[in-house]
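Breakdown of the fold
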Amino acid sequence: MDREPVAPAPTARTMRVEVTHADLPLHCPTPAMSLWNSHPRVFLPIDVSGEERCPYCGTVYVLTDMKELPDRQ
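Criteria and cut-off values
Residues numbered from 1 in each chain as written. Predicted model: local features only at pLDDT ≥ 70, side-chain atom pairs only at ≥ 80, totals over all residues. Heavy atoms only, no water. Helix = DSSP H or I, 4+ residues; strand = E, 2+ residues; numbered from the N terminus. Buried < 20%, exposed > 50% of the residue type's maximum accessible area, 1.4 Å probe, protein only. Contact = heavy atoms within 4.5 Å. Pairing = 2+ DSSP bridges. Axes fitted to C-alpha atoms, helices over the stretch in contact; angles between N-to-C directions. Core = buried A, V, L, I, M, F, W, Y, C linked by side-chain atoms within 4.5 Å. Salt bridge = Lys/Arg side-chain N within 4 Å of Asp/Glu carboxyl O.

This brings us to the overall build of the protein chain. Tallying secondary structure elements over the protein chain gives one helix and five strands in all. Counting across all 73 residues of the protein chain, residues that qualify as buried make up 26%. Looking at the protein chain alone, contacts between residues at least 24 apart form 38% of all its contacts between residues at least 6 apart.

A cis geometry characterises the amide bond from leucine 24 onward to proline 25, with omega recorded as 0 degrees. The topology assignment puts proline 25 in the loop between β1 (16-19) and β2 (26-28). The linkage connecting cysteine 28 with the following residue, proline 29, adopts the cis geometry, with an omega of 0 degrees.

Now for the sheet that holds strand β5 (residues 60-63). Sheet strands associate in pairs through backbone hydrogen bonding, adopting either a parallel or an antiparallel arrangement. Taken together, the three strands give an open sheet; going across it, the order is β1-β5-β4, and neighbouring strands pair in mixed fashion. In the strand order of this sheet, the two ends are held by β1 and β4 (51-53), each with one partner. Sheet twist, expressed as the average angle between the axes of neighbouring strands with direction ignored, equals 20 degrees. Two elements, β4 and β5, share three bridges in a ladder whose sense is antiparallel.

Let us look at the pairing of β5. A regular strand places its side chains so that they alternate between the two faces of the sheet. A two-sided burial pattern is seen for β5, the buried positions comprising Val60 and Val62 on one face and Tyr61 and Leu63 on the other. Alignment of β1 against β5, held across four bridges, turns out to be parallel. Bridge assignment links glutamate 18 to a residue of β5, and that residue is valine 62. Counting the residues that bridge the hairpin from β4 to β5 gives six residues, and of these glycine 58 lies at a positive phi of roughly 85 degrees.

Formed by Val19, Leu26, Cys28, Met33, Val42, Leu44, Ile46, Cys54, Tyr61 and Leu63, the largest nonpolar core amounts to 10 residues. Mapped onto this core, the elements with two or more residues apiece are β2, β3 (42-44) and β5. Isoleucine 46 has contacts with Val19, Leu24, Leu26, Glu51, Glu52, Tyr61, Val62 and Leu63, leaving out every residue within four places of it along the chain.

Moving on to the pattern of salt bridges. Taken as a whole and judged by the stated rule, the model has one salt bridge. Across the pair arginine 16 and glutamate 18 runs a salt bridge, and its minimum N-O distance is 3.0 Å. Each member of the pair arginine 16 and glutamate 18 is classed as exposed.

Spelled out as structure tokens, the structure:
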């Protein structure tokens, strides 16, 4: 019996979450997110880049109190 391919389920809109250094170390899902739609916890190195995207759900995290990096010579 041949089966037709099933289209993937539509994804939710990408969320944008602002965090500060007080929220570090950052992981997704955060404690404020619902447990019913959670994925495995993944830590995101946002203190280096200032912005990271969760590889599971696509949530974008932005570090709002990013400190200026010293010039390297």
